[in-house]
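Residue strings, one per chain:
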Amino acid sequence: KKVSFIMLCVNPIKDVLADLRAGRLGSWEFPDAAHPDFKAHMNAERKVTITEGKENRQRQIWQRIGKKDNHLLDTEMAATGFMMMRGHVKQPETE
């Protein structure tokens, strides 16, 4: 049997998801009655700047806050990535 793999570049997709959630790139909605765990998972990461390499290059990544569970955020990120692949959500133009 053949197995297909799809690799997603997580940080840019989480940027798009954050823009959707903030209303900057269309809309992303979930009911007010969503389970508190879902809300906690969706807010379990923050964007941080890290410095790496001998050149001290800086880049931004999404990082989990402490040991908070983020599995549902990862699921929403994957769904956003698949929607982008299908052309339903477009990544904003970079400057």
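Quick note: structure is the one above.
Criteria and cut-off values
Residues numbered from 1 in each chain as written. Predicted model: local features only at pLDDT ≥ 70, side-chain atom pairs only at ≥ 80, totals over all residues. Heavy atoms only, no water. Helix = DSSP H or I, 4+ residues; strand = E, 2+ residues; numbered from the N terminus. Buried < 20%, exposed > 50% of the residue type's maximum accessible area, 1.4 Å probe, protein only. Contact = heavy atoms within 4.5 Å. Areas by Shrake-Rupley, 256 points an atom, 1.4 Å probe, with all protein chains shown as cover. Lys, Arg positive; Asp, Glu negative; His and termini not counted. Charge placed at Lys NZ, Arg CZ, Asp CG, Glu CD. Salt bridge = Lys/Arg side-chain N within 4 Å of Asp/Glu carboxyl O. Core = buried A, V, L, I, M, F, W, Y, C linked by side-chain atoms within 4.5 Å. Axes fitted to C-alpha atoms, helices over the stretch in contact; angles between N-to-C directions. Parallel < 35°, antiparallel > 145°, perpendicular 65-115°, else oblique. Nonpolar A, V, L, I, M, F, W, Y, C, P; charged D, E, K, R; others polar. Polar contact = N/O pair within 3.5 Å; in protein donor to acceptor, adjacent residues only side chain to side chain.

Asks: Looking at this structure, how should I read the overall build of the chain?
Replies: The helix and strand inventory of the chain stands at three helices and two strands. Secondary structure of the chain in N-to-C order comes out as α-α-β-β-α. Seen through its principal axes, the chain has C-alpha atoms that stretch 45 × 35 × 35 Å. Looking at the 95 residues of the chain, the share that counts as buried comes to 23%. Partitioning the contacts of the chain with sequence separation of at least 6, the portion at a separation of at least 24 is 53%. Accessible area for the chain stands at about 7500 Å²; split by element, carbon and sulfur atoms hold 52% of it. Between the centroid of the 16 positive side chains of the chain and the centroid of its 13 negative side chains there is a distance of 6 Å.

Asks: Where do I start with the pattern of salt bridges in this structure?
Replies: Any two side chains of opposite charge can pair, so long as their charged atoms come close to each other. Throughout the structure, instances matching the rule amount to six salt bridges. Across the pair Lys14 and Asp74 runs a salt bridge whose closest N-O atoms are separated by 3.4 Å. You can see Lys14 sitting in helix α1 (residues 10-21) and its partner Asp74 sitting in helix α3 (residues 71-85), a full 60 residues away along the chain. A residue is classified by how much of its surface remains accessible, and Asp74, at 29% relative accessible area, is partly exposed. Between Arg59 and Glu52 there is a salt bridge; the shortest N-O distance is 2.7 Å. Classification of Arg59 as partly exposed rests on a relative accessible area of 40%.

Asks: For this particular structure, what's the right way to read the nonpolar core?
Replies: The nonpolar side chains of a soluble globular protein tend to be buried with one another. One finds Ile13, Val16, Leu17, Leu20, Trp28, Ala34, Phe38, Met42, Leu73, Met77, Met84 and Val89 forming the largest nonpolar core, which totals twelve residues. Of all elements in the fold, only α1, α2 (36-42) and α3 reach the threshold of two or more residues within this core. With four residues, α1 is the largest single contributor of residues to this core. Contacts of Val16, omitting those with residues within four sequence positions, involve Leu25, Thr80, Met84, Val89, Gln91 and Pro92.

Asks: What should I look at first to understand the side chain of Lys14 in this one?
Replies: Take Lys14: its relative accessible area is 7%, and that puts it in the buried class. Other than its neighbours up to four places away in sequence, Lys14 contacts Glu45, Trp62, Asp74 and Met77.

Asks: Mind showing me how you'd approach the packing of α1 against α3 here?
Replies: When two helices pack together, their arrangement is given by the angle between the helix axes and the distance between those axes. Viewed as axis vectors pointing N to C, α1 and α3 meet at an angle of 95°, and their least axial separation amounts to 9 Å. The angle between α1 and α3 falls in the class roughly perpendicular. On α3, the residues that touch Val10, Ile13, Lys14, Val16, Leu17 and Leu20 of α1 are Leu73, Asp74, Glu76, Met77, Thr80, Gly81 and Met84. Looking at the contact of α1 with α3, its residues break down into eight nonpolar, two polar and three charged.

Asks: Could you clarify how one ought to interpret the side chain of His41 in this entry?
Replies: Summarising the element assignment, His41 is placed in helix α2. Here His71 takes part through its backbone nitrogen, which lies 3.1 Å from a polar atom of the side chain of His41. Residues contacting His41, with those up to four places away along its chain left out, are Asp69, Asn70, His71, Leu72 and Leu73.

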